[in-house]
Amino acid sequence: MADVINVLLIEDDEDDYFLTSDYLTQCDSPSFNLTWVTNSEDAIAKLKKHSFDLCLLDYLLGAENAIDVMANLKANQFNLPVVILTGQSDITVDEMVMRAGAADYLQKSEIETPRFMRTIRYAMVRRDIENERLERDKIEQKNKAKDKFLAHLGHELRTPLTSILGYTELLIDDVRNSNFKQELSIIQSNGRHLLSLLNDLLDMSRIMADKLDLNIKAVNLCAFLTDIHSLMRLSAKDKGLSLDIVAATPIPEFIDTDPTRLRQVLLNLISNAVKFTDKGSITLSIEFVEANSSDHKPAQLRFHVSDTGVGMPPNKLANIFQPFEQIEDVMRANHGGAGLGLAICKELVQKLGGDISVSSKLGEGSTFSFDINPGDVADQPKTELQLGQVQQAQSAFINLSVSGKVLIVDDLQEIRRLTGHIVGQSQAEISYAENGVKALEAVLRAEEQNQPFNLVLMDIHMPVMNGIEALHAMRRHGQQTPVIAVTAASRKGLRESLIQEGFNDVIGKPIDRFALTSLLGKYLPSSLTQDIENGKSTENTEIHTTLPSETTRAEANERLAVTPNNGKRVLVIEDDSDAAELLQLFISHLGHTVTIETNGSDALQTASNKPFDHVLMDLTLPDYNGYDLAKELKAAQPSARITIVSGHEADTQVMAEIGIDNALLKPVTKDDLETVIY
């Protein structure tokens, strides 16, 4: 309670004023500063000019009573504790004033008793508690407003970036623009840089609001590191740098962590190393530190990212992990960035159960070191690090003369895209699945539709259901589709054991395009054979098919097991005309038919008149909340897959409740769409 309490006394009896004033004057701790008025009008005037901690209010004030005065105070938005003073206690009156919002009530005869001071103290404590609650509410409202602003900002920035990056991608893919490829690449690079800055800002906002959650799962460490190597080695090679991943100790086969956030930290640190290194090498080293029972330290997995780059002066290292901090020498080198990447890395590492540090010498290079909690790995076998063989980048375009249907199964979207890019150079039709369960569903659904897959490329280590379990489930359902195991592991005898499990073949990660070409040629029909089966003629070959006169074309197709056109009917709901047009171009290039609607009402009308295989929809529409619209679309077309395409991050819990299949964050690429439309 404050040392001096400012009290407003509203009392029309002068004797009662003197009685109250004399008692309060005698108090040493706390002391009181008393202001006296005789009616509510004067009370309002005083409250407008001065701040008071407490109001003592006589119940009867001539024509007014305490309830009228409190209503007047409330109408003028004055919020302070009010203690009612009554001539005599009356249960009915007491209940009325408490319901009207009084902090307490006292008989005037109790003013000189200990109960009076106790009542004031309680009223002040309740005031402090209420003020704290109001302050928390204000902070919460400010945070909500900030979150709403950032969500809106994210959406508004992602929408134009969708067009910038999307149309640039289309222009780069067009061979007619080969003379402008360098300029287009600059546009694409800067667009991606803007997107990276936006993602950093939103990530930092979530971290500061403590709204960034982890998704802990079992991660195959060798496979994970192979993927990191595969993703980053080309950017290092483009600058003439080597990227090496080594292990100083044997490492656990599996760890429990959030692979997305760990990947984010490593890619950020390696990207920085590439950015600030002009010659030499970058090394990611890993070591496993056993638990120490003597000092109760748990096991740790430690990472070091070292480079031979520009380095940093010692006096600049203390603040490098603070948000928006930039090293001046680095800024002069025109490397850019918002100064958020390392701050985000620090927060993520701490959430993963560790800490991060840096050592550096100006002109010699830097080493960023961090550790994470790998989970309970006491029973995990410790093995030597074995990365998949990394082949030299090949610039030659491989035109595979094979067709058929291929299902690519991998829990990492980047790897699905890379594999799909290689297979996509053939005439094969590609579908994707992110785990064994989705793969099994896709294979069974294709069989039911009489459009079976010709080949499945199956990653071994995946969440939900791994590749071996998925293969066994397929075989139990009588599916004999050839399945190739895709694995980053390379232990002795692995290939033989996978063949014994039932896989038709094995290929390592990162995937060698020429090895994959050989396997596709082995298991897929050639495009020439497919043309013959479909009764088409090639440029240099005329095909004649002799059939009995009673045999119809339909019977011939059935006999030859023709695979029908598998283009999907896609409904796009997007109110931004540029974004809608870009989605239409991408989806059409993927071989699907597109219907565009710009609002929810028209979309529902269209969905009631014609069937769709897939719906792509924005969350912010002029006439509908996106989730409400998704519910109605799901009811209208229960078999259609629904994907959210929005500048706002989708709520995964609401998605699961409605039955929404996927969510893509703008800007989206053609590859993004290819992963969800199958």
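Everything discussed here concerns the structure shown above.
Cut-offs used in this document
Every chain's residues receive numbers from 1 upward, in the order its sequence appears when written. In keeping with the model being predicted, local features are shown solely for residues with a pLDDT of at least 70 and side-chain atom pairs are shown and tallied solely at 80 or more, while totals for entire chains, interfaces and linings include all residues. The side-chain figures draw on all heavy atoms in the structure; neither hydrogens nor water molecules are used. Any two strands with at least two DSSP-identified bridges between them are counted as paired. Numbering goes from the N terminus for both helices and strands, where a helix is a DSSP run of H or I of at least four residues and a strand is a run of E of at least two. Each axis is a line fitted through C-alpha atoms, and for a helix only the stretch in contact is used; angles between axes span 0 to 180 degrees, taken between their N-to-C directions. Every residue pair with non-hydrogen atoms within 4.5 Å of one another is taken to be in contact. Working definition: with a 1.4 Å probe on protein chains only, accessible area under 20% of the residue-type maximum means buried, over 50% means exposed, and in between means partly exposed. The definition of a right-handed crossover adopted here requires that, viewed with the strands pointing away, the path from the first strand over the helix to the second runs clockwise. By definition here, a salt bridge exists when the distance from a side-chain nitrogen of Lys or Arg to a carboxyl oxygen of Asp or Glu is within 4 Å.

A. Fine view of the sheet that holds strand 23 (residues 593-597). Taken in spatial order, the 5 strands make up an open sheet running 23-22-24-25-26, and their pairing is parallel. Every interior strand has two partners, whereas the edge strands, strand 23 and strand 26 (662-665), have only one. Ignoring which end each strand starts from, the neighbouring axes of this sheet average 20 degrees apart. In the packing of helix 18 (residues 577-589) onto the sheet, contacts are made with strand 22 (569-573), strand 23 and strand 24 (614-617), and the angle to strand 23 comes to roughly 170 degrees. In the packing of helix 19 (residues 600-609) onto the sheet, contacts are made with strand 22 and strand 23, and the angle to strand 23 comes to roughly 140 degrees.

B. A look at the pairing of strand 20 (residues 483-487). Burial analysis of strand 20 places 5 of its 5 residues in the buried class, the great majority of the element. A two-sided burial pattern is seen for strand 20, the buried positions comprising Val-483, Ala-485 and Thr-487 on one face and Ile-484 and Val-486 on the other. Examined bridge by bridge, strand 19 (residues 455-459) and strand 20 share 4 bridges and lie parallel to one another. In the strand pairing of strand 20, Met-458 is matched with Ala-485. Handedness of the strand 19-helix 13 (residues 467-476)-strand 20 crossover: right-handed.

C. Structural context of unusual backbone geometry. Following Lys-666, the chain continues into Pro-667 via a peptide bond in cis, with omega recorded as 0 degrees. By the secondary structure assignment, Pro-667 is in the loop between strand 26 and helix 22 (670-676). Even without glycine at this site, Gln-77 takes up a positive phi of about 60 degrees. Within the secondary structure, Gln-77 is located in the loop between helix 3 (66-75) and strand 6 (82-86). Even without being a glycine, Asn-450 presents a positive backbone phi close to 60 degrees. Looking at the element boundaries, Asn-450 is found in the loop between helix 12 (436-448) and strand 19.

D. Structural view of the pattern of salt bridges. Throughout the structure, instances matching the rule amount to 13 salt bridges. For Lys-108, the salt bridge identified is with Asp-58, shortest N-O distance 3.1 Å. One end of the pair, Lys-108, is in the loop between strand 7 (104-107) and helix 5 (114-173); the other, Asp-58, is in strand 3 (residues 54-58), and 50 residues separate them in sequence. A single burial state applies to Lys-108 and to Asp-58, both of which are buried. The partner of Arg-569 in a salt bridge is Asp-613, and the shortest N-O contact between them spans 3.2 Å. Residue Arg-569 is located in strand 22, and its partner Asp-613 is located in the loop between helix 19 and strand 24; the two are separated by 44 residues in the primary sequence.

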